[in-house]
Amino acid sequence: MEAQEKKVGIISCSGEERVEGTISRVATRLVLGKLRPNETVTICLPLFLAGGREEREFARDYPTITVDGCDKMCAKIATERYSGKPASTIVVTDTLKNYQCPKLSSRRKLNDETLAVARKVADRIAEEVDEVLKHWV
Amino acid sequence: MDVSGQRKVIVIPCSGIGKAFGSISREATYEVTENLRKDTTQTLCLALLVSGDEESLRLVRNNKCITVDGCPLQCAEKNVKLAGGNLAGSLRVIDAYKENRRLKPRSVTFLDPDGRQMAAALAERIAKKVDELLGGL
């Protein structure tokens, strides 16, 4: 049997309404494009929710990390409902409590301070990816 | 309807995270809701709507909606229909692309100048549609 390619799915909330949603998307993109480009893929959450078969099958067969902007946790809830328990869950509003960020920027354009937060969230996602890969059987 | 009782047009972008067209749909939506027609429009999180959030369902059912999709799967349009929303307009990034073929947006996380220009063109189309709808409210 051919070995399964090791890929971790990063499922970000879409969060168009809030800056924390933008942070979750930017952090996810940083992981996909720069920090762990060969180890990760992403899944479009509304497509996943709308019944995208390939997306749901991927999330069922491969480990996933959900990245939510707020405590409504759409990404985590959807993944659990349609595919299975995520390997790890990150909520930006929780993560923000650990960082000093005087004022978040608008949801549309991140200022330097908010971008720095997104980078920290991205680092945290990358650490979780490494953990998942370390325990891959 | 906002706190003053005024009906608003709800502009809902797709949440595409993997391609530039998804980012363009969001940027165009922000340009309309924060600048071009900020008093008469608002946006919401598509994933939250699809998750069945009652406030989001109420918003799309009680107000006219315009969806803005980045790819042919048209998640925003499909999900607003599935939610029983009052879909009054459906725009696609590809339509703006057809009128601006010289533009080649590539960057996803942060739009490049071509992406921003295409988003601006799309925002004008959305604003025009908003005006049509408000004329009939």
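Please refer to the structure placed before this passage.
Residues numbered from 1 in each chain as written. Chains lettered and ligands numbered in written order. Predicted model: local features only at pLDDT ≥ 70, side-chain atom pairs only at ≥ 80, totals over all residues.

A. Inspection of the sheet that holds strand E2 (residues 41-42) of chain B at higher detail. All names here are of chain B. The strand order E2-E1-E3-E4 describes an open sheet built from four strands, whose pairing is parallel. The open sheet terminates on both sides in strands that have one partner only, identified here as E2 and strand E4 (86-92). Two elements, strand E3 (residues 64-69) and E4, share six bridges in a ladder whose sense is parallel. Bridge pairing in E4 places Thr 67 opposite Ser 90. On the sheet, helix H4 (residues 75-82) packs against strand E1 (9-13), E3 and E4 and is oriented at approximately 150 degrees with respect to E3. (Pairing = 2+ DSSP bridges. Helix = DSSP H or I, 4+ residues; strand = E, 2+ residues; numbered from the N terminus. Contact = placed C-beta atoms within 7 Å. Axes fitted to C-alpha atoms, helices over the stretch in contact; angles between N-to-C directions.)

B. Spotlight on helix H6 (residues 112-134) of chain A. Residue and element names in this part refer to chain A. Counted at 1.5 Å a residue, the expected span for H6 with its 23 residues is 33 Å, and the 33 Å between its end C-alpha atoms agrees. Restricting attention to buried positions, one finds in H6 the residues Thr 114, Val 117, Ala 118, Val 121, Ala 122, Ile 125, Ala 126, Glu 128, Val 129 and Val 132. Next to the buried residues of H6 lie strand E1 (8-12), helix H1 (19-35), strand E2 (40-42), strand E3 (64-68), strand E4 (88-91) and helix H5 (92-96). (Expected span 1.5 Å × (residues − 1). Buried ≥ 20, exposed ≤ 12 C-beta atoms within 10 Å, placed from the backbone.)

C. Highlighting the environment of A:Phe48. Residues and elements named next belong to chain A. Within the secondary structure layout, Phe 48 lies in helix H2 (residues 45-49). Judged by C-beta crowding, with 26 C-beta atoms within 10 Å, Phe 48 ranks as buried. Residues Phe 48 and Arg 18, spaced 30 residues apart in sequence, show a C-alpha to C-alpha distance of 21 Å. In this structure Phe 48 touches Ile 11, Ile 43, Glu 55, Arg 56, Ala 59, Ala 78 and Tyr 82, once residues within four positions along its chain are discounted.

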